[in-house]
Amino acid sequence: MKQIESIKESGGYLNRYEHDSTTCHCKMTFSVYLPPQAQTKKVPALYWLSGLTCTDDNARTKAGMQRYAAEYGIAVIFPDTSPRGDDVPDEVDRYDLGKGAGFYVNATQPPWNKHYQMYAYVTRELPELIESTLPILPDVKSISGHSMGGHGALICALKNPQIYRSVSAFSPICNPLECGWGKGCFGAYLGEDSATWQAYDATLLINAGAKFSDILIDQGMDDEFYDEGQLLPENLQAACNKMGQPLTLRMQEGYDHSYHFIATFIGEHVAYHAAALKS
């Protein structure tokens, strides 16, 4: 991989890299914040998955998590949200399908299936690359994200409880099979048989018996996409109650879907993950 940027921040370094992905069959860009502790030892990592229309740049410039990561001595990994490149399929008239909208699934349908393998990229290829190259502890990682990325964080943790120490999310798409965003993208990426979609739906995974030690979610009550029925945290809550899955769902009065909301509570989330990563 090739380093293309380095910025000193909170005593550590916010670096940006690009590499040729063997999973997504294109050049991928990602960022890593290495805390000051990483200058002398390997550190645990928190993966942050961003939402629709985002790249790796949104969270690293807006969320403000680097100063907390420096305090706790953990790295933060910021992947992109989809494959990129001139030969990568896209829907230029839609923000919720194609580039910027990978949905963290492994697409099975053409023309998407060659490049849109974001689940495999996030859970396998990227961690293997980072852990073999940077001062990151192998197999000591947690995961979080926002909106579409919150959906991604939840499914990655529920499908791989042995890999991640903790999981949290801001305004996640909790039940994509029951919302417009999910139906539109899953139909394109995974085909018409909705039974195959269930493997990427956190609510249905929990109903099917998937377990994780604990889940932390913050949801703004003035979130326009919550009001539109795109996020459906109540469905996830019901599944967790039914199946005995621990869940802390914090409905935050007055907050919207933006990074202003995330920046308000990101310190609590980083502390939550730091406790699990260092336990």
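A quick note: this is a predicted structure, and the numbers were derived from the prediction, not measured.

Analysis parameters
- Residues numbered from 1 in each chain as written.
- Predicted model: local features only at pLDDT ≥ 70, side-chain atom pairs only at ≥ 80, totals over all residues.
- Heavy atoms only, no water.
- Salt bridge = Lys/Arg side-chain N within 4 Å of Asp/Glu carboxyl O.
- Helix = DSSP H or I, 4+ residues; strand = E, 2+ residues; numbered from the N terminus.
- Buried < 20%, exposed > 50% of the residue type's maximum accessible area, 1.4 Å probe, protein only.
- Pairing = 2+ DSSP bridges.
- Axes fitted to C-alpha atoms, helices over the stretch in contact; angles between N-to-C directions.
- Contact = heavy atoms within 4.5 Å.

1. Quick word on the pattern of salt bridges
Piece 1. One pass over the structure, following the stated rule, counts 9 salt bridges.
Piece 2. When the shortest N-O distance is used, the salt bridge between Arg60 and Asp57 registers 2.7 Å. Of this pair, Arg60 and Asp57 are both found in helix α1 (residues 57–62), 3 residues apart, which corresponds to roughly one turn of the helix.
Piece 3. Relative accessible area serves as the criterion here: at 28%, Asp57 is assigned to the partly exposed category.
Piece 4. Residue Glu131 is joined to Lys141 by a salt bridge in which the shortest nitrogen-to-oxygen separation is 3.1 Å. Here Lys141 lies in strand β6 (residues 136–145) and Glu131 lies in helix α3 (residues 118–133), a separation of 10 residues in the sequence.

2. Some details on the sheet that holds strand β1 (residues 2–9)
Piece 1. What the 9 strands build is an open sheet, ordered β1-β2-β3-β5-β4-β6-β7-β8-β9; its pairing is mixed. The open sheet has two edge strands, β1 and β9 (248–252), and neither has a second partner. Between one strand axis and the next, the sheet turns by 20 degrees as a mean value, whatever way the strands run.
Piece 2. Two elements, strand β4 (residues 43–49) and β6, share 6 bridges in a ladder whose sense is parallel. Looking at β6, one finds that Val43 is bridged to Ile136.
Piece 3. On the sheet, α3 packs against β2 (12–21), β3 (26–34), β4, β5 (75–78), β6 and β7 (164–170) and is oriented at approximately 145 degrees with respect to β6.
Piece 4. Helix α9 (residues 259–277) rests against β4, β6, β7, β8 (216–220) and β9 of the sheet, and its axis sits at about 165 degrees to β7.

Just geometry here; none of it tells us what the structure is for.
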